[in-house]
Amino acid sequence: MITPLLCVSGLTTEFQTDEGLVRAVDGVSFDIPPGGTLGIVGESGCGKSVTALSIMGLLPRPNGNIQSGRIDYRGEDLVAADNARLQRIRGNEISMVFQEPMTALNPVHTIGRQLTEVVAIHTDQSPAEQIRTAVAMLQRVGIPAPELRMTEYPHQLSGGMRQRVVIAIALICEPLLLIADEPTTALDVTIQAQILDLISSLQKDFGMAMIMITHDLGVIAETCEQVVVMYAGQVVEQGSVFDIFDRPKHPYTQGLLRSIPKLTDIPKQPLDIIPGMVPSLHDLPVGCRFANRCQHRAAECDDAGLTVDTVTEGHSVRCLKWRQL
Amino acid sequence: MSAPLLEVRDLKMHFPVKSGFFSRTKARNFAVDGVNLSINPGETLGLVGESGCGKSTLGRCISRLYQPTAGEILFKDANLAGMSHRQLLPYRQNIQMIFQDPMESLNARHTVGEILEEPFLIHGIGNAQTRRQSVSKLLDTVGLPGRSASRYPFEFSGGQRQRIGIARAIALKPELIICDEPVSALDVSIQSQILNLLMELQKEFNLAYLFIAHDLAVVKHISDRVAIMYLGKIVEQASSNEIYHRPFHPYTQSLISAIPIPDPHHSATRILLKGDVPSPISPPPGCAFHTRCPKASESCQRDVPILKTVAPEHIAACHFAEAP
């Protein structure tokens, strides 16, 4: 058994809002081996981004708080770590790529300054070495004329180029773990293909582990080994990418896979749907959170105390009825 | 073959790019540059392209939110392109629009009932009582509870808001609806609900759709025919099945190969395009796609390819068009 690089257990994150306390992430557990790729898939509000921010220690304070659980990174609990320690890890050993490159980059600083800043904080390279490192990294992510780009500002680059810069900043210290939160959602299909291709080749070169957060099941199927399916703050199913796509057990995972239009479909046929909508986090049912949309709902689904069941080694599901489906 | 409901001929929309003290026109943005297309009654034409290709501008020209620079928009034999606002009024109820973000396209200060009543008021249809009945019938048609009429848009989820947008669009029984990215802001499980609703309404009211989107799987699912746009021009057009199984244009081929397939057993053979889409302010000479095209030769930098028939009911604009 390989020791996992990152082990999240029972992570529960709450936000103080005007309408009371909201539990955005509720008892989430998963782990990633060194060099592995884990996908977190779910719809808006399911808690996938809050999970990422909790790992990074980037929750908005004082409203957001990790209420309980552990985040063990190489034997160290990040939940208990102080800010100084987190700052040494962030951007150095664990990095993050955000969805919208225009908001992730600082508009009033040059690309070069934003890259060398990271190197300056985490290494003792001289300014000249920092510039060399930055230029080499820009070259590595496929930016033409990197020396020239160093002196330019984010608004002078296209969306795809900006996302390459964000990736360069995230990877410049060769992190052990990259968290990519919807890295291609804001991009066009042909640019998305370029960026996904770039991320996976860099991952191979650097041997880093990755958490890919997305709502796009196509991106998950192409990039990930392990998949976590989240719904209303909880993990509802977890397994290898083949478990999830070939043998999904949770009615939500099954419904999601059935409802997406596929290129192999016959046009103009009605799509399978998941009726209704996600319950509000302010008003969650005590039993199964998917029950109001589930076609297999039974009386006992509304009882409290629903636990996670193991299907096979590494494949688990949060559903009472999965054996009968 | 029946007469098309809509026929667009050589449509151009060039926006002036102004700058400087006197706001002089320094350049022109060739957003839509010579587009021909037609839509039959009850048919869906999908329009696909990347951001900045001019697909939304084309939709807004057809619904005459923009005054096109040149060309004809023939709707039931009337040319909408040069009409004044007053002349357009009788045609407005026949062509409606559904937008991407229903939060921005619905007036936040009006109740849903007021929003849905407005089209009837503008066109002077019915009295207060019949209008109320029409509103509750519309809500029912799009699958919203009747009590929604007294509530405000912010009280609804994204999918429900899009249902309100759809109800407003079908209120006056139009024959053509321009759908501009109607599901791209929605979650996966809600997206299929809205697509189903659009397909049901099409059958019920014999609606024609111009369905504009960047998601090819969605467009393929809902469309009878699909047109692919690149830098203001249509580069390929065919039936929905044909274009996915037998794309002739290198751009269409790479676009289809770039879609991530939700199947871990599928190994993608991708045609990765180099670089970004060029600016429509200074489109490349010759074939606009030659800067990124894996097949480009010298002649592509010089000669503009025209749309020609490559298979029955299948046109493509490429000097080297060939089936994959």
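Note: the structure precedes this text.
Residues numbered from 1 in each chain as written. Chains lettered and ligands numbered in written order. Predicted model: local features only at pLDDT ≥ 70, side-chain atom pairs only at ≥ 80, totals over all residues. Heavy atoms only, no water.

**Observations regarding the sheet that holds strand 1 (residues 6-19) of chain B**
Residues and elements named next belong to chain B. The strand order across the open sheet formed by 4 strands is 2-1-4-5, and the pairing between neighbours is antiparallel. Of all the strands in the sheet, just strand 2 (24-39) and strand 5 (78-79) have a single pairing partner and so form its edges. Two elements, strand 4 (residues 70-75) and strand 5, share 2 bridges in a ladder whose sense is antiparallel. Its bridge partner being in strand 5, Leu74 is matched across the sheet by Asn79. Docked against the sheet, helix 1 (residues 55-62) engages strand 1, strand 2 and strand 4, running at close to 115° with respect to strand 1. (Pairing = 2+ DSSP bridges. Helix = DSSP H or I, 4+ residues; strand = E, 2+ residues; numbered from the N terminus. Contact = heavy atoms within 4.5 Å. Axes fitted to C-alpha atoms, helices over the stretch in contact; angles between N-to-C directions.)

**Structural notes on the pattern of salt bridges**
Residue and element names in this part refer to chain A. Taken as a whole, this structure holds 28 salt bridges over all chains when the rule is applied. In this structure, Asp205 engages Arg140 in a salt bridge whose closest nitrogen and oxygen atoms are separated by 2.4 Å. Highlighted residues: Asp205 in helix 8 (residues 189-206) and Arg140 in helix 5 (residues 127-140), separated in sequence by 65 residues. Counted as one network, the salt bridges with shared partners bring together Glu14, Arg23, Asp26 and Arg289. (Salt bridge = Lys/Arg side-chain N within 4 Å of Asp/Glu carboxyl O.)

**Observations regarding the packing of aromatic side chains**
Residues and elements named next belong to chain A. In the structure shown here, the tally under the stated rule is 7 aromatic pairs over all chains. When the centroid spacing of 4.5 Å and the interplanar angle of 55° are considered together, the rings of Tyr231 and Tyr252 count as tilted. Highlighted residues: Tyr231 in strand 9 (residues 226-231) and Tyr252 in helix 11 (residues 251-259), separated in sequence by 21 residues. In this structure, Tyr231 and Tyr252 share a single accessibility class: buried. Here the aromatic rings of Tyr252 and Phe290 are separated by 5.4 Å at their centres, their planes lie at 65°, and the arrangement is edge-to-face. Of this pair, Tyr252 sits in helix 11 while Phe290 is found in the loop between helix 11 and strand 11 (309-312), placing the two residues 38 residues apart along the sequence. (Phe/Tyr/Trp six-rings, centres within 6.5 Å; stacked < 30°, edge-to-face > 60°. Buried < 20%, exposed > 50% of the residue type's maximum accessible area, 1.4 Å probe, protein only.)

**Some thoughts on the interface of chain B and chain A**
At the interface, 45 residues of chain B touch 43 residues of chain A. Interface area, chain B with chain A, both sides summed: about 3,800 Å², of which 59% is carbon and sulfur. It is Val188, His221 and Pro264 of chain B that lose the most area in chain B upon contact with chain A, and together they represent 18% of the buried surface on that side. Applying the counting criterion to the chain B and chain A interface returns 2 salt bridges. A salt bridge links Asp224 of chain B to Lys268 of chain A; the shortest N-O distance between them is 2.9 Å. Run the count over chain B and chain A and you get 23 residue pairs in polar contact (both at pLDDT 80 or more). Looking at the side of chain B that touches chain A, the elements with two or more residues in it are helix 7 (188-205), helix 8 (216-222) and helix 9 (240-245) of chain B. Tallied by class, the residues present in the side of chain B that touches chain A amount to 19 nonpolar, 17 polar and 9 charged. (Buried area = accessible area lost by both parts, 1.4 Å probe. Polar contact = N/O pair within 3.5 Å; in protein donor to acceptor, adjacent residues only side chain to side chain. Nonpolar A, V, L, I, M, F, W, Y, C, P; charged D, E, K, R; others polar.)

Purely geometric numbers; function is a separate question.
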